[in-house]
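Structural features, examined
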Amino acid sequence: EACKITRSTNCPQLQILGLMTIGAPGDFTCFDSLVSCRTDVANALGLESEKSLELSMGMSGDFEEAIARGSTSVRVGSTIFGARDYSNLKK
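Owing to the predicted nature of the structure, the values given are computational and were not obtained by experimental measurement. (Residues numbered from 1 in each chain as written. Predicted model: local features only at pLDDT ≥ 70, side-chain atom pairs only at ≥ 80, totals over all residues. Heavy atoms only, no water.)

To continue, consider the overall build of the protein. Check the secondary structure of the protein and you find 4 helices and 3 strands. Helices and strands in the protein line up, N terminus first, as α-β-α-β-α-β-α. The C-alpha radius of gyration of the protein comes to 16 Å, more than 25% above the 12 Å expected for a compact globule of 91 residues. Over its C-alpha atoms, taken along the principal directions, the protein stretches across nearly 45 × 35 × 20 Å. Within the protein, buried positions represent 23% of all 91 residues. Within the protein, counting contacts between residues at least 6 apart in sequence, those at least 24 apart form 38% of the total. As displayed, the protein offers around 6700 Å² of accessible surface, 54% of which is attributable to carbon and sulfur atoms. Both charge centroids of the protein, one from 9 positive and one from 11 negative side chains, sit 8 Å from each other. (Helix = DSSP H or I, 4+ residues; strand = E, 2+ residues; numbered from the N terminus. Rg over C-alpha atoms; globule rule 2.2 N^0.38 Å. Buried < 20%, exposed > 50% of the residue type's maximum accessible area, 1.4 Å probe, protein only. Contact = heavy atoms within 4.5 Å. Areas by Shrake-Rupley, 256 points an atom, 1.4 Å probe, with all protein chains shown as cover. Lys, Arg positive; Asp, Glu negative; His and termini not counted. Charge placed at Lys NZ, Arg CZ, Asp CG, Glu CD.)

See below:
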(Lines give C-alpha, C1' and ligand atoms only; values in the text may rest on other atoms or scores of the structure.)
Protein backbone atom coordinates (compact mmCIF):
# COMPACT_ATOMS: atom_id res chain seq x y z
CA GLU A 1 0.00 0.00 0.00
CA ALA A 2 2.82 2.43 0.88
CA CYS A 3 4.37 1.78 -2.52
CA LYS A 4 1.15 2.80 -4.25
CA ILE A 5 1.05 6.03 -2.28
CA THR A 6 4.62 6.98 -3.11
CA ARG A 7 4.03 6.34 -6.80
CA SER A 8 0.85 8.39 -6.88
CA THR A 9 0.71 12.07 -7.75
CA ASN A 10 -0.54 12.81 -4.21
CA CYS A 11 2.97 12.52 -2.73
CA PRO A 12 5.50 13.51 -5.39
CA GLN A 13 8.27 14.25 -2.86
CA LEU A 14 7.88 11.04 -0.85
CA GLN A 15 10.45 8.35 -1.59
CA ILE A 16 11.04 4.96 -0.03
CA LEU A 17 14.80 4.67 0.38
CA GLY A 18 14.93 1.51 2.44
CA LEU A 19 13.35 -0.77 4.98
CA MET A 20 14.05 -1.34 8.68
CA THR A 21 13.37 -4.04 11.23
CA ILE A 22 14.26 -4.74 14.83
CA GLY A 23 14.20 -8.47 15.32
CA ALA A 24 13.29 -10.54 18.30
CA PRO A 25 16.38 -11.58 20.27
CA GLY A 26 17.80 -14.80 18.86
CA ASP A 27 15.28 -15.00 16.00
CA PHE A 28 16.94 -14.13 12.70
CA THR A 29 13.95 -15.00 10.51
CA CYS A 30 12.90 -11.35 10.60
CA PHE A 31 16.10 -10.50 8.70
CA ASP A 32 15.21 -13.02 6.00
CA SER A 33 11.66 -11.64 5.87
CA LEU A 34 12.94 -8.10 5.35
CA VAL A 35 15.24 -9.21 2.53
CA SER A 36 12.24 -10.83 0.84
CA CYS A 37 10.10 -7.76 1.51
CA ARG A 38 12.76 -5.56 -0.13
CA THR A 39 12.39 -7.56 -3.34
CA ASP A 40 8.60 -7.12 -3.25
CA VAL A 41 8.88 -3.39 -2.56
CA ALA A 42 11.46 -2.89 -5.32
CA ASN A 43 9.16 -4.65 -7.78
CA ALA A 44 6.15 -2.59 -6.63
CA LEU A 45 8.16 0.62 -7.04
CA GLY A 46 9.41 -0.42 -10.46
CA LEU A 47 13.06 -0.28 -9.42
CA GLU A 48 15.65 -1.98 -11.61
CA SER A 49 17.36 -3.59 -8.61
CA GLU A 50 16.30 -4.24 -5.05
CA LYS A 51 19.87 -3.34 -4.08
CA SER A 52 18.89 0.31 -4.51
CA LEU A 53 16.86 0.01 -1.28
CA GLU A 54 18.75 0.10 2.02
CA LEU A 55 18.22 -2.63 4.61
CA SER A 56 18.53 -1.40 8.18
CA MET A 57 18.57 -4.40 10.44
CA GLY A 58 20.76 -5.52 13.29
CA MET A 59 21.74 -4.00 16.60
CA SER A 60 24.65 -4.40 19.00
CA GLY A 61 23.75 -7.99 19.85
CA ASP A 62 23.08 -9.34 16.38
CA PHE A 63 24.72 -7.02 13.84
CA GLU A 64 27.09 -9.70 12.54
CA GLU A 65 24.18 -11.98 11.60
CA ALA A 66 22.32 -9.03 10.08
CA ILE A 67 25.30 -8.10 7.91
CA ALA A 68 25.68 -11.72 6.82
CA ARG A 69 22.03 -11.63 5.71
CA GLY A 70 22.36 -8.39 3.73
CA SER A 71 22.05 -5.46 6.11
CA THR A 72 23.41 -2.18 4.76
CA SER A 73 22.95 -0.30 8.04
CA VAL A 74 23.22 -1.46 11.66
CA ARG A 75 22.54 0.25 14.99
CA VAL A 76 25.28 -0.31 17.55
CA GLY A 77 24.77 2.57 19.98
CA SER A 78 24.83 0.49 23.16
CA THR A 79 28.14 -1.06 22.10
CA ILE A 80 29.59 2.43 21.74
CA PHE A 81 27.81 4.30 24.55
CA GLY A 82 26.82 1.51 26.92
CA ALA A 83 23.43 0.17 27.91
CA ARG A 84 20.60 2.65 28.36
CA ASP A 85 19.56 3.64 31.85
CA TYR A 86 15.79 3.25 32.20
CA SER A 87 15.75 3.71 36.00
CA ASN A 88 14.54 7.32 35.76
CA LEU A 89 11.46 6.61 33.63
CA LYS A 90 8.09 7.40 35.15
CA LYS A 91 5.84 4.43 35.72
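Looking at the element boundaries, Ser 71 is found in the loop between helix H3 (63-68) and strand E3 (73-75). Judged by its relative accessible area of 12%, Ser 71 falls in the buried class. Separated by 2.7 Å, the side chain of Ser 71 and the backbone oxygen of Met 57 make a polar contact. Every residue in contact with Ser 71, bar those within four places of it in the chain, is listed here: Leu 55, Ser 56, Met 57 and Ala 66. (Polar contact = N/O pair within 3.5 Å; in protein donor to acceptor, adjacent residues only side chain to side chain.)

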